[in-house]
Amino acid sequence: MPEESKGPESVSPPAEGAKAPAEAAAAKNPQVQPEAPQAATAAVKTPSPAAAPVASSEAKPAAAPVAKPAAPAAAAKPAVPAAAKPAAPPKPEGPKPEPWESELVTSLKQQYGSGIVEALRYMGQKYVTVDSSILPEILLRMRDAEGFDYCVDITAVHYPKREQQFDVVYVLYSFPHNERIRVKARIHDGEHVQSAVAIWPTADWLEREVFDMFGIVFEGHPGLKRILLPEDWKGHPLRKDYDILQQDKEWVQINLGIESGQ
Amino acid sequence: MSDSTKLDYLDLDVKDKTFLDTTEMVLNMGPQHPSTHGVLRVILKLDGEKVLGTECIIGYLHRGVEKIGENRTYTMFNPYTDRMDYVAAVSNGLGYCETVEKLLNVEAPARAQYIRVILTELCRISSHQVWLGTHALDIGALTPLFYAFRDREEILKIFEKYCGARLTTHAFRIGGCIYETYEGFEEDVKKFCTFFLPKLDEYEELLTTNRIWVTRTKNVGILKPEDCIALGVTGPVLRASGVKWDLRRAQPYECYKDLDFEIPTGVNGDTYDRYLVRVAEMRQSVRILQQAVDSIPAGPIMAKVPKVIKPPVGEVYHSIEAPKGELGYFIVSDGSTQPYRVRVRPPSFVNLQALDVMVRGMLVADVVAVIGTLDIVLGEVDR
């Protein structure tokens, strides 16, 4: 674990050659590729609902054959015509996170000023983003003064394109108030976070899992080591730049002496 | 937080210590051991029979469910959730579907909610039956295993008739249910309720006043309520310690607010109380089933959900009361068809952490009892 903790991103094993292109591909953001056909789907979809259920007469003159205006669409994307739901097209802008005002937020802002980055609510759920330097203070205050005595979950989210790449998320619950809140801190890659084990013993395994999956080091943790993956695992799988195939390719190369067909 | 909840890691690297001058020894339990309920490895540090400390080694069943979630669409990820807590697959699916529905800002229609509640409560009973059977077996009572599994069959038959699968059911879809109830569904559930209540008495006859059972479970693995909260323990384990907290009541989802049931709690927080709480919970589940079957409304079973699920940008945490405790999903959406991040908050994983606190100072045989009473499923611990 010690070497691991110094450089969480030191993922580069000997198999440099095999890895480089794969990483480049991963950097292109895997999310984008499925996005593309999706966009096409949406484009095709718009005419079809108008055409299919009711208004074949309204189907503008451009759509030449009166009998089956859906035909071109069907040819382009066979899966689409099924989605002939009249409600689809305008799609109201989804709800946006809105500022969350409350006594708690005001008093936090008064005390910590710019340490409180933002306080939002979304779908009735509240979360407050704080500076990582005051995180332990905030958590302690949440437990003692605000009654959030139960730490439900600790997790992280990786945003590789952001300057502060990680969100560390604490889901808290208050038994006395029957209320949930999320406390988040944005941190840079390699930045350490103060461990919350002293505040909630349950943080022990949860932080170990975050370390295992993201490589985020929690300072002051009694035994920060991998929990789900083997000790000798390379890299941290839930980072967005982690190549799923890399480990497999390397194994094939070392043990079978051939290039992996994956 | 009291000092007893402090988790100490075992100092296993002390090479120069021989066992000649000390009575301490390190014993490895698992990962292939019948009483560890799967592939859990527990390292025990012992002073004679007494447990000085434990350390759990987990991850043998890790499949990277959260990573898989990032690489599948919302719909495609749904069946994967069944494979986490495979003893209570229906609950996993319910939690996931509800979370995505929350992201989409839709709600399942009333009829779907009732179907969901009926199946989840059946699933809760079947999960508790598996727990009862295996837990009793660990302690040395062989018969409850056969009784529990025999009766669980009736639930699995209902599942099979409803959706074609017995264990990994994939019963729900985002927005409601995909299958309408089959002909005779209500009768089957009613029949099960009348069939099951006497069976439950049978289990209790075997165990509740059984002298061996009581000796093996009373005052074993005591967990104080404040320790439960500090350790994040939820579900029947928390309730057995006297904290009356159930998400079905605290933050009702589906149609639980319309149903009348009680939250059984324990007093001492020991293994015996946890047994009583779970048995009482099964009775309450039957009560819920009877009400739900009688008041199941007519109507659609699927809300208006787009074929391609693309929730707006945002993040949501939602949790339900699974048979083992609070099962939470934290999903971050970036507006695409795939979740940007799926986090599962597994009750078994968090509850297992309490093992160390519970068995310190106890005997090795009690470790077996405590692992059983925590009701862990390694598929969920490791995900």
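Predicted model only: the values in this text are computed from it and were never measured.

Q: Is there a simple way to think about the overall build of chain B in this case?
A: Scanning chain B from terminus to terminus reveals 15 helices and 10 strands. Rg of the C-alpha trace for chain B: 21 Å, near the compact-globule value of 21 Å for 383 residues, within the 12% margin. Principal-axis analysis of the C-alpha atoms gives chain B an extent of 75 × 50 × 35 Å. Counting only residues that meet the buried cut, chain B has 55% of its 383 residues in that class. Restricting to contacts in chain B with at least 6 residues of sequence separation, those with at least 24 account for 71%.

Q: Just checking my understanding: could you explain the sheet that holds strand S8 (residues 314–322) of chain B for this structure?
A: Adjacent strands of a sheet pair through backbone hydrogen bonds, lying either parallel or antiparallel. Residue and element names in this part refer to chain B. The strand order S8-S9-S10 describes an open sheet built from 3 strands, whose pairing is antiparallel. Edge positions in the sheet fall to S8 and strand S10 (339–345), since each has one partner strand and no second. Pairwise comparison of adjacent strand axes, ignoring direction, gives a mean angle of 15 degrees for this sheet. Each of S8 and strand S9 (325–333) is contacted by helix H3 (residues 89–104), which is oriented at about 150 degrees to S8, the strand it contacts most.

Q: I keep staring at the sheet that holds strand S1 (residues 24–29) of chain B and nothing clicks. Help me out?
A: All names here are of chain B. Read across the sheet, 3 strands follow the order S1-S4-S5 without closing on themselves; strand pairing throughout is antiparallel. Only two strands of the sheet have a single partner each, and these edge strands are S1 and strand S5 (50–57). Along the sheet, successive strands turn relative to each other by an average axial angle of 20 degrees, direction set aside. As paired elements, S1 and strand S4 (residues 41–47) share 6 bridges and run antiparallel to each other. Looking at the pairing, Val26 lines up with Lys45 of S4. Where helix H14 (residues 364–374) meets the sheet, it contacts S4 and S5, and its direction lies at approximately 150 degrees from that of S4.

Q: Sorry if this is basic, but what is going on with the environment of Val87 of chain B here?
A: Residue and element names in this part refer to chain B. Residue position: Val87 is located in the loop between helix H2 (74–82) and H3. C-beta crowding within 10 Å serves as the criterion here: with 24 such atoms nearby, Val87 is assigned to the buried category. Sequence spacing of Val87 and Glu380 is 293 residues, and the spatial spacing of their C-alpha atoms is 9.7 Å.

Q: So what exactly am I meant to see when it comes to the packing of helix H4 (residues 110–139) of chain B against helix H5 (residues 143–163) of chain B here?
A: For any two helices packed against each other, one specifies the crossing angle of their axes together with the interaxial distance. Residues and elements named next belong to chain B. As a packed pair, H4 and H5 sit with axes 9 Å apart at the nearest point and diverge in direction by 155 degrees. Compared by their axis directions, H4 and H5 come out roughly antiparallel. Between H4 and H5 lies a crossing of left-handed hand. Contacts from Leu119, Leu122, Ile125, Ser126, Gln129, Val130, Leu132, Gly133, Thr134, Ala136 and Leu137 of H4 reach H5 at Pro144, Leu145, Ala148, Phe149, Asp151, Arg152, Ile155, Leu156, Ile158 and Tyr162.

Q: Just checking my understanding: could you explain the nonpolar core for this structure?
A: A general feature of soluble globular proteins is that nonpolar side chains tend to end up buried together. Ranked by size, the top nonpolar core spans 152 residues in total, and within it Leu172 and Ile216 of chain A together with Ile118 of chain B carry the most contacts. A total of 14 residues in this core trace back to one element, the largest contributor, which is H4 of chain B. Not counting the four nearest positions on each side in its chain, Leu172 of chain A is found in contact with Met142, Phe148, Tyr150, Cys151, Val152, Arg180, Ile181 and Val183 of chain A.

Q: Could you clarify how one ought to interpret the pairing of strand S4 (residues 150–158) of chain A in this entry?
A: Successive side chains on a regular strand alternate, one facing one side of the sheet and the next facing the other. All names here are of chain A. Across the 9 residues that make up S4, a large majority, 9, are buried. The pairing of S4 with strand S5 (residues 166–174) spans 8 bridges and is antiparallel. Pairing of Thr155 across the sheet is with Val169, part of S5.

Q: Help me understand the interface of chain A and chain B, please; the structure alone is not making it clear to me.
A: Taken together, the contact pairs 40 residues of chain A with 45 residues of chain B. If you tally residues by element for the side of chain A that touches chain B, the top one is S4 of chain A, at 6 residues. Class assignment of the residues belonging to the side of chain A that touches chain B gives a composition of 26 nonpolar, 9 polar and 5 charged.

Q: Honestly, the confidence of the model for chain B in this entry has me stumped. Any pointers?
A: The predicted coordinates ought not to be read in detail in places where the model reports low pLDDT. Across chain B, the average pLDDT comes to 87, with 94% of residues at 70 or higher. Scored by ipTM, the complex comes to 0.84, with pTM at 0.77.

Q: Would you mind going over the environment of Gly133 of chain B with me for this structure?
A: All names here are of chain B. Secondary-structure assignment places Gly133 in helix H4. A count of 23 C-beta atoms within 10 Å places Gly133 in the buried class. The sequence separation of Gly133 and Ile155 amounts to 22 residues, and the corresponding C-alpha distance is 15 Å. With sequence-adjacent residues up to four places away left out, Gly133 is seen in contact with Pro144, Leu145, Ala148 and Phe149.

Q: Would you take a moment to explain the confidence of the model for chain A for this structure?
A: Model confidence for chain A is summarised by a mean pLDDT of 71, while 64% of its residues fall at 70 or above. Contacts from residues 1–89 of chain A, a stretch scored under 50 in pLDDT, to residues over four places away or in other chains number 87 contacts.

Q: Please explain the pairing of strand S2 (residues 116–122) of chain A as it appears in this structure.
A: Residues and elements named next belong to chain A. One ladder, built from 2 bridges, connects strand S1 (residues 98–99) with S2; its direction is antiparallel. Its bridge partner lying in S2, Glu98 is registered against Arg121. As paired strands, S2 and strand S3 (residues 125–130) are joined by 6 bridges and run antiparallel to one another. Bridge pairing links Ile116 to Val130 in S3. Linkage of S2 to S3, two consecutive antiparallel strands, is achieved through a turn of 2 residues, within which Met123 is found at a positive phi near 55 degrees.

Q: Would you mind going over helix H6 (residues 185–207) of chain B with me for this structure?
A: Given 3.6 residues per turn, any residue in an α-helix points the same way as the ones three and four places further on. Residue and element names in this part refer to chain B. The end-to-end C-alpha distance of H6 is 32 Å, a good match for the 33 Å that 23 residues give at a rise of 1.5 Å each. Of the residues making up H6, those classed as buried are Val189, Phe192, Phe196, Leu200, Tyr203 and Leu207. Those residues of H6 hidden inside the fold are in contact with H4, H5, helix H7 (211–217) and helix H11 (271–294).

Thresholds applied
- Residues numbered from 1 in each chain as written.
- Chains lettered and ligands numbered in written order.
- Predicted model: local features only at pLDDT ≥ 70, side-chain atom pairs only at ≥ 80, totals over all residues.
- Helix = DSSP H or I, 4+ residues; strand = E, 2+ residues; numbered from the N terminus.
- Rg over C-alpha atoms; globule rule 2.2 N^0.38 Å.
- Buried ≥ 20, exposed ≤ 12 C-beta atoms within 10 Å, placed from the backbone.
- Contact = placed C-beta atoms within 7 Å.
- Pairing = 2+ DSSP bridges.
- Axes fitted to C-alpha atoms, helices over the stretch in contact; angles between N-to-C directions.
- Parallel < 35°, antiparallel > 145°, perpendicular 65-115°, else oblique.
- Left-handed = near helix turned anticlockwise from the far one by under 90°.
- Core = buried A, V, L, I, M, F, W, Y, C linked by C-beta atoms within 7 Å.
- Nonpolar A, V, L, I, M, F, W, Y, C, P; charged D, E, K, R; others polar.
- pLDDT = per-residue confidence, 0-100.
- Expected span 1.5 Å × (residues − 1).

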